[in-house]
Amino acid sequence: MTSSTGSPPSERTSTSGLSCEVLTTHSAALSSVDRLFGSGINATIFHHPRFLSYHSADKFPHAEWRHYLFSLKGNPVAFLPGAAVNEEQLTYRSPLGSTHGGLVHAALSFAKLDECLNLWWEDIQQQGFERAEIVLPPLPYSEPNFSEAVELKLNHLGFVLHEPLLCPIVPITPGPDFPRHLLRTTAWQKCKQARARGVTVRYSTEVAADLELFYPILVENRRRFGVVPTHSLEELLRIHSLCPEALHLFLATAHGQPVAGILVFQATPLVVNTFYIADVESGRDARAVDLLLLETYKWALERSVRWVDLGPSSYRLEVNWTLTHFKEGHGGRTFLRRPYVWHR
């Protein structure tokens, strides 16, 4: 098997015994990757090759997967998912077809992280990449073991921060006023209006079946903005099959009809991502999304989730003020999803 750049998969080793193996399939060394993700301090579902394998083989015709697995004395200590994309120029992207990339790692010293990324960088240079893109998740995704060491090393290597995305994320902290303290007065009033208009929210225990109810709502909602959902229904069902604990679905009904929903991705044990929030016109009239968010926060607290990511509110440094005000009104604090770019 050849790698994405035409060279055979290889293994590099540092003088300290740290090794770096190039993986060109999602299934390669999967047991080792699973071990690392069980103890990694910043692993998310979006980094995992099992999650990435939901993509069909022909999804990215100009790309080939190129993951890096780092081991020390036979034990996996770090993993960098990504792919070589050969379009206008040969580019390494981490992630490809996912939300976040960058190095997943155990509780390593900065010296060891430095070694890992130096081995990766040697391969990037040897393979002739002209550009590299690494998207780091917002800081709450690494709770409770916060670390920004990877970001410093990327700067050392010549990467620059490029068009960070504003991501309001809600802190879920227990207290006598929870969840009222998260919502501004207007948002709280809309939750009460939703209940008065007959909206009820349920957590799905049959995700596959309820996705069939939610997806038409999602398609209709996105059509208002002239876009289509990132995932097809078949892809969402495949994600659910590959990672059964990854998806959580909340549905709002009014007068017996589904009118809105939130599809949540369990990114880490402590962070969930409200990847899809959608309603139809009757759901908007009934203020269903406001109540859905409130119930999502309650569910998160019950599961000891610490953060609810409401998703980006900017694009190419242009802030969507309507979206930002809405998310801040529902408890969002401003963090950044950080794309780093290097080119020759």
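Please refer to the structure placed before this passage.
Cut-offs used in this document
Residues numbered from 1 in each chain as written. Predicted model: local features only at pLDDT ≥ 70, side-chain atom pairs only at ≥ 80, totals over all residues. Heavy atoms only, no water. Helix = DSSP H or I, 4+ residues; strand = E, 2+ residues; numbered from the N terminus. Buried < 20%, exposed > 50% of the residue type's maximum accessible area, 1.4 Å probe, protein only. Phe/Tyr/Trp six-rings, centres within 6.5 Å; stacked < 30°, edge-to-face > 60°. Core = buried A, V, L, I, M, F, W, Y, C linked by side-chain atoms within 4.5 Å. 1 Å grid on protein atoms, 1.4 Å probe; cavity = no way out; pocket = protein on both sides within 12 Å on 5 of 7 lines; lining within 4 Å. Points joined across faces, edges and corners; volume = space filled by probe spheres on them. Nonpolar A, V, L, I, M, F, W, Y, C, P; charged D, E, K, R; others polar. Pairing = 2+ DSSP bridges. Contact = heavy atoms within 4.5 Å. Expected span 1.5 Å × (residues − 1). Salt bridge = Lys/Arg side-chain N within 4 Å of Asp/Glu carboxyl O.

Caption draft 1: Examining the environment of His162 more closely. By secondary structure assignment, the location of His162 is in the loop between β10 (160-161) and β11 (165-171). Note on His162: relative accessible area 35%, which makes it partly exposed. Considering only alpha carbons, one finds His162 and Ala57, 105 residues apart in sequence, at a separation of 30 Å.

Caption draft 2: A look at the packing of aromatic side chains. Applying the stated criterion across every chain yields a total of 19 aromatic pairs. Between the aromatic rings of Phe265 and Phe275, the centroid separation amounts to 4.8 Å while the plane-to-plane angle is 40 degrees, which identifies the pairing as tilted. Note that Phe265 is positioned in strand β14 (residues 257-268) and Phe275 in strand β15 (residues 271-279), a separation of ten residues in sequence. Given a relative accessible area of 22%, Phe275 falls into the partly exposed group. Both rings, one in Phe275 and one in Tyr276, keep their centres 5.0 Å apart while their planes meet at 70 degrees; by these two values the pair is edge-to-face. Classification of Tyr276 by relative accessible area gives buried; the value is 2%.

Caption draft 3: Region of interest: the nonpolar core. By size, the foremost hydrophobic cluster in this structure holds 64 residues, and its most contacted members are Phe51, Phe214, Leu263 and Tyr297. A total of nine residues in this core trace back to one element, the largest contributor, which is helix α9 (residues 288-302). Within the second largest apolar cluster, 30 residues are counted, among which are Tyr68, Phe129, Ala132 and Leu157.

Caption draft 4: Highlighting the layout of surface pockets. Considering only enclosed or pocket space, the second largest pocket measures out at about 450 Å³ in volume. What lines the second largest pocket is a set of 24 residues, and nearest its centre among them are Phe37, Ala43, Ala267, Thr268 and Pro269. For the lining of the second largest pocket, the secondary-structure elements that each account for two or more residues are α1 (30-39) and β14. A per-class count over the lining of the second largest pocket returns twelve nonpolar, eight polar and four charged.

Caption draft 5: Layout of the sheet that holds strand β8 (residues 104-105). Pairing in this open sheet of five strands is antiparallel, and the strands run β1-β2-β4-β5-β8 from one edge to the other. Each end of this open sheet is capped by a strand with a single partner; those strands are β1 (11-13) and β8. In the sheet, β1 pairs with strand β2 (residues 18-23) via three bridges, with the strands oriented antiparallel. For Arg12, the partnering residue across the bridge sits in β2 and is Cys20.

Caption draft 6: Structural detail: the environment of Gly329. Structurally, Gly329 can be placed in helix α10 (residues 321-329). On a C-alpha basis, the gap between Gly329 and Leu182 in space is 7.9 Å, while along the polypeptide they are 147 residues apart. When sequence neighbours within four positions are dropped, the list of residues in contact with Gly329 reads Leu182, Leu183, Arg184 and Ala187.

Caption draft 7: Geometry of unusual backbone geometry. The peptide bond linking Ser94 to Pro95 adopts the cis configuration, its omega dihedral lying at 15 degrees. When you line up the elements, Pro95 lands in the loop between β7 (90-94) and β8. Here His255, not a glycine, exhibits a phi torsion of approximately 55 degrees, which is positive. With respect to the helices and strands, His255 occurs in the loop between β13 (247-254) and β14.

Caption draft 8: Quick peek at helix α5 (residues 185-196). Look at α5: 17 Å from first C-alpha to last across twelve residues, which is about the 16 Å you get at 1.5 Å a residue. As for α5, its buried residues are in contact with β12 (199-203), α9 and α10.

Caption draft 9: Spatial organisation of the pattern of salt bridges. If you walk through the whole model with that rule in mind, you get 15 salt bridges. In this structure, the salt-bridge partner of Arg306 is Glu143, at a minimum N-O distance of 2.8 Å. Pair noted here: Arg306 is in the loop between α9 and β16 (307-309) and Glu143 is in the loop between β9 (131-136) and α4 (149-156), with a separation of 163 residues, a long-range link. A residue is classified by how much of its surface remains accessible, and Arg306, at 36% relative accessible area, is partly exposed. Overlapping salt bridges, with partners in common, bring together Glu87, Arg93, Arg131 and Glu133 in one network.

Caption draft 10: How the structure looks around the pairing of β7. When you tally the buried positions in β7, you get four out of five residues, the bulk of the element. Hairpin connection, strand β6 (residues 83-86) to β7: the antiparallel pair is bridged by three residues. Note: β7 against β9, four bridges, orientation parallel. Residue pairing for β9: Ser94 is matched across the bridge by Ile134.

Caption draft 11: Seen up close, empty space enclosed by the protein. For the structure shown, the criterion picks out one cavity of 30 Å³ or more. The computed volume of the largest cavity comes to approximately 220 Å³. Lining the largest cavity we find 18 residues, and of these Asn42, Leu136, Pro137, Ser147 and Arg338 sit closest to its centre. Top element by residues in the lining of the largest cavity is α4. It accounts for three residues. Of the residues that constitute the lining of the largest cavity, the class distribution is eight nonpolar, seven polar and three charged.

Nothing here speaks to function; it is geometry throughout.
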